[in-house]
Amino acid sequence: MKKVLIGILVGIILGALGYFGYDYFFKEEKEEQVVNEEQNETTESTMEIEEISTYNEYITSQFYGTLVTDFPLEKTETDSDVIIKRADIPKLLIDNEQAKALNEKMYNLHEETIDMIKNNNNGSDYSNVNIDYDFSILDNIIFIKINYTSNNSRGGNNIEYHGFYYDLENNQELTSEQVASKYNITVDKINSTLASFGYDKTVSSLDSVAMIPNNSSINVVLVGNMDTPTIEVTIR
């Protein structure tokens, strides 16, 4: 009987040791896994922040403003109560004469709207205006696309896209022709791509389009028509 009791006691002790050893081992392993996951998440988060920070060190907004005024004419049923003008103009954060000249060019493109917003005076203009921009970097070239849209209840809509390009390696602005040549883009190639996508639209010059990277390819953006006001096709 004594031997049986001793055997049972030994079994209980070994079982308890096994349970606590198992629990300790896997608890430690789980805690280590959680720590590693947290470290990985922190590393990924830090890398993402660093990537965004690096990506944005080249460009910011040199002007951002909004003007809201009452409709300046006697209203009809189709007129809105207010006129809104908003402008967000890009700026290269590069300190040389070439970059400064490009910044001035981008500012002057819609200076009339900027002045209205600055002076808080819409005059008799009754067009709603929105100006903003997109940018991307590929092969050490900054691609900037400035988007302009205006609409009013009596005069229809107007859309414009303007492309600007800056070579970081050589510190100079690039023309549309220089960028297009680098990526083997021609007017004929754009028109054939438009046709292959079923667009009844052609371009006559590279200055009438804006180019911006789409991974390793280039998106060509241009004004369309009433049904498709914006056309964007990828040139590979």
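Look up a bit, the structure's there.
Residues numbered from 1 in each chain as written. Predicted model: local features only at pLDDT ≥ 70, side-chain atom pairs only at ≥ 80, totals over all residues. Heavy atoms only, no water.

A few words now on the sheet that holds strand β4 (residues 141-152). The strand order across the open sheet formed by 6 strands is β1-β2-β3-β4-β5-β6, and the pairing between neighbours is mixed. Each edge of the open sheet carries a strand with a single partner, namely β1 (59-70) and β6 (172-174). The average angle at which neighbouring strand axes cross in this sheet is 20 degrees, direction not considered. Here 11 bridges tie strand β3 (residues 128-138) to β4, and the two strands are oriented antiparallel to one another. By the bridge assignment for β4, Asp-132 is matched with Asn-147. The sheet strands contacting helix α3 (residues 111-119) are β1, β2 (82-92) and β3, and the helix crosses β1 at an angle near 65 degrees. (Pairing = 2+ DSSP bridges. Helix = DSSP H or I, 4+ residues; strand = E, 2+ residues; numbered from the N terminus. Axes fitted to C-alpha atoms, helices over the stretch in contact; angles between N-to-C directions. Contact = heavy atoms within 4.5 Å.)

What follows covers the nonpolar core. Ranked by internal contacts, the top residues of the largest apolar core, which has 24 residues, are Phe-63, Leu-92, Ile-131, Ile-144, Ile-146 and Tyr-166. Elements with a minimum of two residues in this core: β1, β2, α2 (97-109), α3, β3, β4 and β5 (156-167). Counting 22 residues, the second largest nonpolar core, distinct from the first, contains Phe-143, Leu-174, Leu-194 and Val-203. (Core = buried A, V, L, I, M, F, W, Y, C linked by side-chain atoms within 4.5 Å. Buried < 20%, exposed > 50% of the residue type's maximum accessible area, 1.4 Å probe, protein only.)

Its identity is not glycine, yet Asn-120 carries a phi of approximately 55 degrees, on the positive side. The residue Asn-120 is located in the loop between α3 and β3 in this model. Residues other than glycine seldom take positive phi values, yet Asn-215 does so here, at roughly 60 degrees. Turning to its location among the elements, Asn-215 is positioned in the loop between β7 (210-214) and β8 (217-223). The class for Asn-215 is exposed, based on a relative accessible area of 70%.

One face of the sheet, then the other: side chains in a regular strand alternate in exactly this way. The element β4 is extensively covered by neighbouring structure, given that 10 of its 12 residues are classed as buried. What sits between β3 and β4 in their antiparallel hairpin is a turn of 2 residues, with Asp-139 showing a positive phi close to 55 degrees. With 12 bridges joining them, β4 and β5 adopt antiparallel strand pairing. Paired with Ile-141 across the two strands is Asp-167, which belongs to β5. The loop that links β4 with its antiparallel partner β5 comprises 3 residues.

Time to look at the sheet that holds β8. Overall, antiparallel pairing links the 3 strands, which are arranged β7-β8-β9 in an open sheet. Of all the strands in the sheet, just β7 and β9 (230-235) have a single pairing partner and so form its edges. The sheet shows a mean angle of 30 degrees between the axes of neighbouring strands, taken without regard to direction. With 5 bridges connecting them, β7 and β8 associate as antiparallel partners. Bridge pairing in β8 places Ile-212 opposite Asn-219. Packed onto the sheet, helix α5 (residues 187-196) meets β8 and β9 and runs at close to 110 degrees relative to β9.

This is a description of form; function is not addressed.
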